[in-house]
Number of protein chains: 4
Amino acid sequence: MEIGIETARRIIAAAQETGVARGMKPLSVVVLDAGGHPIAFERADGASPGRFEIARGKAYGAVMLGMGGRAQAERAASGPAFMAAINGAFGGKVVPVPGGVLVRGAEGAVIGAVGVTGDTSDNDAEAALAGIAAVGLTGEA
Amino acid sequence: MEIGIETARRIIAAAQETGVARGMKPLSVVVLDAGGHPIAFERADGASPGRFEIARGKAYGAVMLGMGGRAQAERAASGPAFMAAINGAFGGKVVPVPGGVLVRGAEGAVIGAVGVTGDTSDNDAEAALAGIAAVGLTGEA
Amino acid sequence: MEIGIETARRIIAAAQETGVARGMKPLSVVVLDAGGHPIAFERADGASPGRFEIARGKAYGAVMLGMGGRAQAERAASGPAFMAAINGAFGGKVVPVPGGVLVRGAEGAVIGAVGVTGDTSDNDAEAALAGIAAVGLTGEA
Amino acid sequence: MEIGIETARRIIAAAQETGVARGMKPLSVVVLDAGGHPIAFERADGASPGRFEIARGKAYGAVMLGMGGRAQAERAASGPAFMAAINGAFGGKVVPVPGGVLVRGAEGAVIGAVGVTGDTSDNDAEAALAGIAAVGLTGEA
């Protein structure tokens, strides 16, 4: 089971609509596949230019480590040196904070991740979860 | 004048439709702003996973150097060491081949770039130009 | 609305004059465009050689994240792992301290950033704000 | 003997005036010190955003290798692998083409370098030499 472009587009649309509906700041949303590679990305008007790197960093860490951004943030808090080393091992591409959400398929296997950035980390995660739920998949924040 | 997300989405859709209509392989399309930063990206089903880096590399070089991918390719052919060095100066992010197309606004100023990858470089450039033309902007391949 | 070279030169001159008038150490000042790319830079005599990287790092983080250096510093204090990861995502080019100041144009949109380094971070920010005010623009420290 | 900010500013102004007087495209000009670190930089209106990296790459190679861009280009042509390796050793920051010009002081010692980019490499070098001559120093293209 894979996330196709049609599904990725719907995840992004639903995440963006959630952000607008709840009055969040302009969001940027990326969907990565099970290898951590981008399928689709959209940056809302008004967001700062560096949002792709942040959105990808959140989702990339989720896929590569097999845990959502919230779990990564806890790990970073309890063992900062560990997460710093992990980040070094991945060329600086891991951003271990909420807003990176693992996507699981019907059988529970990880099939990708969604990364959202633009508002508070908790709101980012909420928008990502809403996007994933909109296509009938399960998110792990 | 800036490329908003709505315009970027239409550029991508038109480029993808062009690829399908002309029987090209699955395309990946990125739209960058005038600073070389991603606004939107979509990778068609069936494309290989590394397509974001290639699409961005084509469009990024166009923005940073102020010339389309075809001009970059000619430069790379006449002076390989020069283009290799340029790429080093930009952290390896420049892919100097057709398929990276500058986008000019109403007054002729560069407002971004489109990068397409997946088929031959010439077909990639054709799809990018079709995407840009579909929103009434001018592309420079 | 963009910052042209003439405006950038005046921002730098006014920031440097502020530093001299208030007895600050030799300052270095960079002006970046809305994509985080250098328009102009000057390093005062007596400043240490690495000042370009620091000045740019302050201004670059402001543009890419859409927040001034003071806001970045607060974020780094409350969540050190987050800001370290953000820096990794941007290739180590972000210096999240006061002295990186967003520049807003007439309609409030970010049109670039000024980075100042050489004295205390608070004085650096003060000089940057004075430079921006001298050309009738609005700074966000 | 060192290049101060006042001298650097005059070099840049004279190089830019040369470009305008001879109908060159918009130029970007950097002045580096004897350690290869930026003293001053200016990018003319209309130049593409990546010009700082290119200008610095030209001047940086000149300082670090102790030879002008033309000599570097000849070296790159006769031994491409050597120059590629040199570039790797300097983190990709060397751009070995004309337009990087060594600056020698009264006693013949290297005191810095000027890097110009925007037009043809030969015109870039010409503008750099004119800037250096305007302050009574000797350039080595």
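Our subject in this report is the structure included herewith. If you're wondering where the values come from, they're calculated on a predicted model, not measured in any experiment. (Residues numbered from 1 in each chain as written. Chains lettered and ligands numbered in written order. Predicted model: local features only at pLDDT ≥ 70, side-chain atom pairs only at ≥ 80, totals over all residues. Heavy atoms only, no water.)

Some remarks on the interface of chain A and chain B
How we decide: Here a residue-residue contact requires only that any non-hydrogen atoms of the pair lie within 4.5 Å. When two components associate, each loses some accessible surface as probed by a 1.4 Å sphere; the sum of these losses over both components is called the buried area. For this document, the term salt bridge refers to a Lys or Arg side-chain nitrogen within 4 Å of an Asp or Glu carboxyl oxygen. Within 3.5 Å is the distance limit for a polar contact, defined as a pair of N or O atoms, with the added protein rule that one can donate a hydrogen and the other accept it, and that residues adjacent in sequence qualify only through two side-chain atoms. Helix and strand definitions follow DSSP, with helices as H or I runs of at least four residues and strands as E runs of at least two, each counted in order from the N terminus. Think of it as three bins: nonpolar holds Ala, Val, Leu, Ile, Met, Phe, Trp, Tyr, Cys and Pro, charged holds Asp, Glu, Lys and Arg, and polar takes everything else, Gly as well. DSSP calls a pair of strands paired once it identifies at least 2 bridges connecting them.
In this complex, chain A contributes 16 residues to the contact, which on the side of chain B involves 16 residues. In total, about 1,600 Å² of surface goes out of reach between chain A and chain B, with carbon and sulfur atoms giving 45% of it. Contact with chain B buries surface across chain A, with Phe41, Glu42 and Arg43 of chain A losing the most and accounting together for 32% of the total. One can count six salt bridges joining chain A with chain B. One salt bridge in this structure joins Glu42 of chain A and Arg9 of chain B, with 2.7 Å as the shortest N-O distance. Scanning the region where chain A abuts chain B turns up 13 residue pairs in polar contact (both at pLDDT 80 or more). Elements represented by at least two residues in the side of chain A that touches chain B include exactly helix H1 (5–21), strand E2 (38–43) and helix H2 (51–65) of chain A. With six residues, E2 of chain A is the largest single contributor of residues to the side of chain A that touches chain B. In terms of residue class, the side of chain A that touches chain B is made up of seven nonpolar, two polar and seven charged. Inspection of the sheet shows E2 of chain A paired to strand E2 (residues 38–43) of chain B by three bridges, in the antiparallel sense.

Topic: the relation of the copies chain A and chain B
So the rule is basically this: Here the copies are superposed with least squares, the fitted atoms being C-alpha atoms of residues at a pLDDT of at least 70 in both.
In screw terms, the move from chain A to chain B is a rotation of 179° and a rise of 0.0 Å along the axis, fitting with an RMSD of 0.1 Å. Taken together, the turn and the small shift mark the pair as related by a two-fold rotation axis. Measuring from the rotation axis to each C-alpha of chain A, the shortest distance belongs to Phe41 of chain A, at 2.5 Å. Most of the interface of chain A is mirrored in chain B: 100% of its interface residues are interface residues there too.

A few points about the sheet that holds strand E5 (residues 138–140) of chain C
What counts is decided by this rule: Only the stretch in contact is used when a helix axis is fitted, and all axes are lines through C-alpha atoms; the angle between N-to-C directions ranges over 0 to 180 degrees.
Taken in spatial order, the 10 strands line up as E5(C)-E3(C)-E4(C)-E1(C)-E2(C)-E2(D)-E1(D)-E4(D)-E3(D)-E5(D) in an open sheet, and their pairing is antiparallel. Each edge of the sheet is formed by a strand with only one pairing partner; in this case those strands are E5 of chain C together with strand E5 (138–140) of chain D. Put simply, the sheet's adjacent strands are angled 20° from each other on average, direction ignored. Sheet topology places strand E1 (residues 28–33) of chain D next to strand E2 (residues 38–43) of chain D; five bridges connect them, and they run antiparallel. From the neighbouring strand, Val30 of chain D faces E2 of chain D, where its bridge partner is Phe41 of chain D. Contacts from helix H1 (residues 5–21) of chain C reach strand E1 (28–33), strand E2 (38–43) and strand E4 (110–117) of chain C together with E2 of chain D within the one sheet, and its direction differs from that of E2 of chain C by about 30°.

Structural notes on the pattern of salt bridges
It is possible for side chains bearing opposite charge to pair when their charged atoms get close. Tallied over the entire structure, the rule returns 36 salt bridges over all chains. Each member of the salt-bridge network shares a partner with another, and the members are Glu53 and Arg56 of chain A together with Glu53 and Arg56 of chain B.

A few points about the sheet that holds strand E1 (residues 28–33) of chain B
The strands making up a sheet associate through backbone hydrogen bonding, with each pair oriented either parallel or antiparallel. Strand order in the open sheet formed by 10 strands is E5(A)-E3(A)-E4(A)-E1(A)-E2(A)-E2(B)-E1(B)-E4(B)-E3(B)-E5(B), and the pairing between neighbours is antiparallel. Sheet topology places strand E5 (138–140) of chain A together with strand E5 (138–140) of chain B at the edges, where each strand pairs with a single neighbour. Strand-to-strand twist in this sheet, taken as the mean axis angle between neighbours without regard to direction, amounts to 20°. The sheet contact formed by strand E3 (residues 100–104) of chain B and E5 of chain B spans three bridges and is antiparallel. Residue pairing in the sheet places Arg104 of chain B in a bridge with Thr138 of chain B of E5 of chain B.

A look at the packing of helix H3 (residues 69–78) of chain B against helix H4 (residues 80–89) of chain B
All names here are of chain B. The condition is simple: Angular relationships are summarised with four words: roughly parallel below 35 degrees, roughly antiparallel beyond 145, roughly perpendicular across 65 to 115, and oblique for the angles in between.
Between H3 and H4, the shortest axis-to-axis distance is 5 Å and the interhelical angle comes to 120°. Looking at the two axes, H3 sits oblique to H4. Contact residues: Gln72, Arg75, Ala76, Ala77 and Ser78 in H3; Pro80, Phe82 and Met83 in H4. Of the residues belonging to the contact of H3 with H4, the class tally is five nonpolar, two polar and one charged.

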